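Commentary on secondary and tertiary structure
Next come the chains, spelled out residue by residue.
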Amino acid sequence: MSSTKTIGIIGGGQLGQMMAISAIYMGHKVITLDPASDCPSSRVSEVIVAPYDDVDALRQLSDCCDVLTYEFENVDADGLDAVIKDGQLPQGTDLLRISQNRIFEKDFLSNKAQVRVAPYKVVTSSLDLEDIDLSKNYVLKTATGGYDGHGQKVITSAEDLEEANALANSAECVLEEFVNFDLEISVIVSGNGKDVTVFPVQENIHRNNILSKTIVPARISDRLADRAKAIAVKIAEQLNLSGTLCVEMFATADDIIVNEIAPRPHNSGHYSIEACDFSQFDTHILGVLGAPLPAINLHEPAVMLNILGQHVEAAERYVTENPSAHLHMYGKLEAKHNRKMGHVTLFSNEPDNVVEFGKGIDF
Ligand code: AMP
């Protein structure tokens, strides 16, 4: 049997593109499903141009591929279930359903994986907010459809509660206690259905709820870093994980609290392309193919900076002045405000001296 596979990727954005690049240099062929014929993956793979929930297009992809995977979690799980052949989607659709709905996700994390999350309750209408104790702060999040801080309301006062009531009456929500964290961190873990491999702990700095800078290793104690990695492994094992998963967490002075999971390679893991001996995309492809997974080593401390639409010129100037920085541009034609256009990874022991493109420009 040939070891060369045809891999179908649902979604042709930058994550799909970088997955495809990993797959291609391992000798595989990639076909992407994306509604845009000029999506980032179109530079490196064939594209079936159709909406993600087009069952005929999903079936076409399934018919011409050995293995299917996805680059983002808002894939139509029912549509996929209707077309996939046995074992063709090693990640399965359960993980999709868990990460599409914060209520399922919290339940999975706290009750099945038994990792610590912020105290929370399910909110189905403003009635569920009537008796909350305003001596504490909270975040109300819609159960579905939220991303990068959308569909969220921080509650610190009675006025906030009024807005939160409106949100609670518009959609099912989760109310979380606000965590006074020191750092936001994340851990990438990959599985092949049997074994897992885990990446170093990443420290994440957001601006306007969008990842701006990732510092690796995260500036936390070895004890907390070990705990964060152990939590990621525990979640992966509970899922019999295939492919790459990102676990986003809060680090407090003496604990780690899990915020959410993303069942795919993640923006905070892009540094691994140059800074680790295998990238999160390599291990994703190996994982969904059920291949043995390597242990991951970090070559040197690294910093990743995101390049949003408004930063493209600054980033181009930056790499001219710093030629040892690794520039990645995703090939998106239009540099819209806040659109992720690319990233830069550089090796540095002094992460504070690596200035984000957004700092002082638009924030
Ligand atoms: P999320 O969509 O859950 O990733 O939340 C977006 C951002 O809101 C996170 O990166 C945090 O900065 C912040 N956030 C979310 N949940 C909490 C929480 N329970 N306590 C404090 N900050 C939070």
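Refer to the structure presented above.
Below you will find a few notes about this structure. (Residues numbered from 1 in each chain as written. Predicted model: local features only at pLDDT ≥ 70, side-chain atom pairs only at ≥ 80, totals over all residues. Heavy atoms only, no water.)

Pro217 follows Val216 through a cis peptide bond whose omega is 0°. Phi at Asn338 is positive, roughly 70°, even though this residue is not glycine. Inspection of the secondary structure assignment puts Asn338 in the loop between strand S15 (326–329) and strand S16 (340–347). Accessibility expressed as a relative area gives 27% for Asn338, which makes it partly exposed. (Helix = DSSP H or I, 4+ residues; strand = E, 2+ residues; numbered from the N terminus. Buried < 20%, exposed > 50% of the residue type's maximum accessible area, 1.4 Å probe, protein only.)

Secondary-structure assignment places Asn192 in strand S9 (residues 183–192). The residues touching Asn192, leaving out its near neighbours within four places in the chain, are Leu241, Ser242, Gly287, Gly290, Ala291, Pro292 and Leu293. (Contact = heavy atoms within 4.5 Å.)

Our focus in this paragraph is the nonpolar core. Residues Ile185, Ile220, Ile235, Leu245, Met249, Val258 and Ile261 are the most contacted members of the largest nonpolar core, which totals 49 residues. In terms of residue count, the dominant contributor to this core is helix H7 (residues 222–239) (nine residues). Formed jointly, this core draws a minimum of three residues from each of two domains, domain 1 (6–89) and domain 3 (183–353). Listed in part, the 14 residues of the second largest apolar core include Val312, Ala325, Val344 and Val354. (Core = buried A, V, L, I, M, F, W, Y, C linked by side-chain atoms within 4.5 Å. Domains from an automatic or database assignment.)

Turning to the sheet that holds strand S1 (residues 6–10), a few remarks are in order. Ordered by their spatial adjacency, four strands build an open sheet running S3-S2-S1-S4, and the pairing between neighbours is parallel. The two strands at the open ends of the sheet, each matched to only one other strand, are strand S3 (46–49) and strand S4 (67–70). Strand-to-strand twist in this sheet, taken as the mean axis angle between neighbours without regard to direction, amounts to 25°. For S1 and S4, the ladder comprises four bridges, and the chain directions are parallel. Across the sheet, Ile10 pairs through a bridge with Tyr70, a residue of S4. The sheet strands contacting helix H2 (residues 55–64) are S1, strand S2 (29–34), S3 and S4, and the helix crosses S2 at an angle near 175°. (Pairing = 2+ DSSP bridges. Axes fitted to C-alpha atoms, helices over the stretch in contact; angles between N-to-C directions.)

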